[in-house]
Structure formats: structure tokens, C-alpha cells
Amino acid sequence: MDCGKGGCGGCGRREIVLTPPEAELLLRLGELAFLPVARRRDEETPVYLEEMGRSPAEYGEALAWLQCKGLVSLDYDMPLKNFDYAAYRDYPIQGSAALTAMGQEAVEILELQGAEY
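This report concerns the structure included in the present document. (Residues numbered from 1 in each chain as written. Predicted model: local features only at pLDDT ≥ 70, side-chain atom pairs only at ≥ 80, totals over all residues. Heavy atoms only, no water.)

### Structural notes on the overall build of the protein
In terms of helices and strands, the protein carries three helices and three strands. Moving toward the C terminus, one meets the helices and strands of the protein in the order α-β-α-β-β-α. Looking at the protein as a whole, 38% of its 117 residues are labelled buried. Taking the intrachain contacts of the protein between residues at least 6 apart in sequence as the baseline, contacts between residues at least 24 apart amount to 69%. (Helix = DSSP H or I, 4+ residues; strand = E, 2+ residues; numbered from the N terminus. Buried < 20%, exposed > 50% of the residue type's maximum accessible area, 1.4 Å probe, protein only. Contact = heavy atoms within 4.5 Å.)

### Section: the environment of V107
Position of V107 relative to the elements: it lies in helix α3 (residues 101–113). The class of V107 is buried, set by a relative accessible area of 1%. Between the C-alpha atom of V107 and that of L27, which follows or precedes it by 80 residues, the distance is 6.0 Å. For V107, the contacting residues outside a window of four places in its chain are L26, L27, G30 and L99.

### Considering the nonpolar core
With 27 residues, the main nonpolar core has L25, L26, L63 and V72 as its most contacted residues. Element by element, the count of residues in this core is highest for helix α1 (residues 20–32), at five residues. With sequence-adjacent residues up to four places away left out, L63 is seen in contact with L25, V37, P46, Y48, V72, L74 and A97. (Core = buried A, V, L, I, M, F, W, Y, C linked by side-chain atoms within 4.5 Å.)

### Brief notes about the pattern of salt bridges
Opposite charge on two side chains makes pairing possible when the charged atoms of those side chains draw close. Going through the model one piece at a time under the given rule, you end up with six salt bridges. Salt bridges sharing partners connect three or more residues here, namely E24, R54 and E58. (Salt bridge = Lys/Arg side-chain N within 4 Å of Asp/Glu carboxyl O.)

### Description of helix α2 (residues 56–68)
Here α2 contains 13 residues, and its C-alpha end-to-end distance of 18 Å stays within 8% of the 18 Å for a straight helix at 1.5 Å per residue. Buried within α2 we find Y59, G60, A62, L63, A64, W65, L66 and C68. Tucked into the core, α2 has its buried residues touching α1, β1 (34–39), β2 (72–75) and β3 (93–99). Positive phi appears at G70, one or two residues downstream of α2, with a value of about 80 degrees. (Expected span 1.5 Å × (residues − 1).)

This is the structure in C-alpha cells:
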């Protein structure tokens, strides 16, 4: 996934297209403010294991695209305090995901207009 090549559809446009997993994660971040994420040392794709509605691969790809679109910040230097990362023991790099200002705007729009997914 290369954000620099404009493949996400989010750069320079006022309209951002979201997949159902992306919309779900945005709304979840609107409720919780931070989500746990992790990754392997040799991979860039984030891992998120807290939701059961989709596969970890789907959620990981959704988080990566949300970051490309500027809606979410993934910070592997700031793991969540008092969070049990036991489920993430196979992923040595642990951190957190949070909404950006643009992500917060997107959540507000989704909540006002509703999301169809």
C-alpha cells in the first residue's frame, strides 16, 4: 500500500470513500478515543484483534487505509496504559490508534448523516 501514489482517493479531495470496515473503526474510535494496535517487526500492516465482526486482516488493512487517508494516527511509540496486550503477544511492536482532526470530522459526519455499510 503506497499512500504517496494517490491510491486511497483521499488526497486533495473533499470526498473520502470508506469501506465498511473503515467506517466501523472510525465510529469505534469516536466512542473510545484510542484502540490498541500492534504489528510484526518485519511488516507494516497494523493488527487489531478487539472486534469480532471481521478478520484481523480486514481490520488491519482498514486501519492502514484510514492512516493513508489522514483520518487515523497509528503510534507504535505509545501503547495504551493499563491495557492487557496478551492477545497481541505474537506482535512485538505494540501501540495505539487515534483519530486525527480530519478523522473526528468524518466521525461527526457519519454520526449526523448515518453510515450505509
